[in-house]
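# Structure at a glance
Single-letter residue listing:
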Amino acid sequence: MGFRCGIIGLPNVGKSTIFNSLTAAHAEVANYPFCTINPNMGIVSVPDERLKIIAEIIKPPKITHTTIEVLDIAGLVKGASRGEGLGNKFLGHIREVDAIVHIVRCFDDPSVVHVNGPVDPAADIHTINTELILSDIETVEKRIAKLEKLVKSGDKLVRREIECCLQTQNMLEKGIPARNFLISEEEQEIMRECHLLTAKKVLYVANVSESILKGGGNYIQKIESIAQQEDSKVILICGDFESEITELPEEEQQEFLNELGLEESGLQKLIREGYKLLGLITFYTTVGPELRAWTIPQRTRASVAAGKIHSDMEKGFIRAEVINFDEFIKIGSILKAKEQGLIRLEGRDYIICDGDIAYFRFNV
């Protein structure tokens, strides 16, 4: 699996509509708050042009895409950190994901109610970020209370952790999300133990009308300004438009996008930016009848990448036989690449590159 993302936002901003269009999972959609109570989940195959090209060359009997898991989490309201709405249940679901996809309403439609009245993307973002920060403050306070019971005279490690938690509490109280803390690696390690909600990377998705899908508008500028301050990203998706695309046969979808002057669908944009946000890359394996794509973090060693396929492969790793995608399509054949000495033999500490095609040798 590539990564797990959770779709969040205020109630009734189009989360389930966008979820359905991204996953074709047909989650319930309705014009009232808290339509989604338990999170809907969809597994989405990652579109991959390189995988398609490799398959056209080697013609494997089986092709397996890497995937992402998408959770449509119930809408959040002001006071959630104190139990309002679905409160802690909502916040608990966020802890399970790798990244947050924050849907923000950026369209005017009197027939679709807004939980806070007028449409105001900046205020909506502030409401949710505030609740996440308040929840994190409570988490840190509980952590401090637990550590203070453990601390003994001269116990430097526990005292250091308390000090770090107090610094974290102070920054959170200033409204700074944990993902924007400028802290040392040691402090980052301590904070990971707290599993803070605001430490997760965020991708803002502006749910726009079709007329402004190509960009522009005051709503978009407000979100982009906030995202820039947080070092986050913004993409534009029209939920209703994406629903139309989903209903088309796959071969007609790109043609439909081209007619509207769009290069990619909302799903493709979300996956592309999600990979960038989390620092992920894709590599490929051709074992037996299967050509398969795998997702790993950047800077992953060959032995660790092999372990993603099977733990025994990491333990018994011998070497990796590697050719990159660009080199492969120039030569057009694994056999020819071997004959011309283009398959590199790499050790366990080799860093897998995006687009590598790898065959791992290992002892059982």
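Residues numbered from 1 in each chain as written. Predicted model: local features only at pLDDT ≥ 70, side-chain atom pairs only at ≥ 80, totals over all residues. Heavy atoms only, no water.

## Focus: the environment of aspartate 136
Cut-off, in case you're wondering: Comment: elements are numbered from the N terminus, with helices defined as DSSP H or I runs of at least four residues and strands as E runs of at least two. Buried means the residue's accessible area, taken with a 1.4 Å probe over protein chains only, is under 20% of the maximum for its type, while exposed means over 50%, and partly exposed covers the values in between. For this analysis, residues touch if any pair of their heavy atoms sits within 4.5 Å. Two N or O atoms form a polar contact when they lie within 3.5 Å of each other; inside protein one atom must be a possible hydrogen donor and the other a possible acceptor, and for residues adjacent in sequence the pair counts only when both atoms belong to side chains.
On the secondary structure map, aspartate 136 appears in helix α4 (residues 121-150). When its relative accessible area of 0% is taken as the criterion, aspartate 136 is described as buried. Aspartate 136 sits 61 residues away from leucine 197 along the chain, and the two C-alpha atoms are 6.4 Å apart. Sequence-distant contacts of aspartate 136, defined by excluding residues within four places in its chain, comprise Leu172, Leu196, Leu197 and Thr198. In terms of polar contacts, aspartate 136 uses its side chain to reach the side chain of threonine 198, at 2.6 Å.

## Quick notes on the packing of aromatic side chains
Given two aromatic rings, one states the distance between the centres and the angle between the planes to describe the pair. To keep it simple, the criterion reads: Side-chain rings of Phe, Tyr and Trp (the six-membered ring for Trp) are treated as a pair once their centres are within 6.5 Å; stacked means planes under 30 degrees apart, edge-to-face means over 60, and tilted covers the remaining angles.
Applying the stated criterion across every chain, the model contains five aromatic pairs. A ring pair is formed by phenylalanine 283 and phenylalanine 360, whose centres lie 6.1 Å apart and whose planes are at 80°; its orientation type is edge-to-face. Here the residue phenylalanine 283 occupies a position in strand β8 (residues 280-287), and phenylalanine 360 occupies one in strand β12 (residues 356-362), the gap between them amounting to 77 residues. Like phenylalanine 283, the residue phenylalanine 360 is buried in the burial classification. Judged by centre distance (6.3 Å) and plane angle (55°), the rings of phenylalanine 317 and phenylalanine 360 are tilted. Placement of phenylalanine 317 in strand β10 (residues 317-324) and of phenylalanine 360 in strand β12 is noted, with a sequence separation of 43 residues between them. Given a relative accessible area of 5%, phenylalanine 360 falls into the buried group. Taken together, Phe283, Trp294, Phe317 and Phe360 form an aromatic cluster joined through their ring pairs.

## Points about the environment of valine 70
Among the structural elements, valine 70 can be located in strand β4 (residues 67-72). Among residues more than four places away in sequence, those in contact with valine 70 are Cys5, Ile7, Phe19, Thr23, Asn40, Met41, Gly42 and Val44.

None of the figures reported here should be taken as evidence of function without further support.
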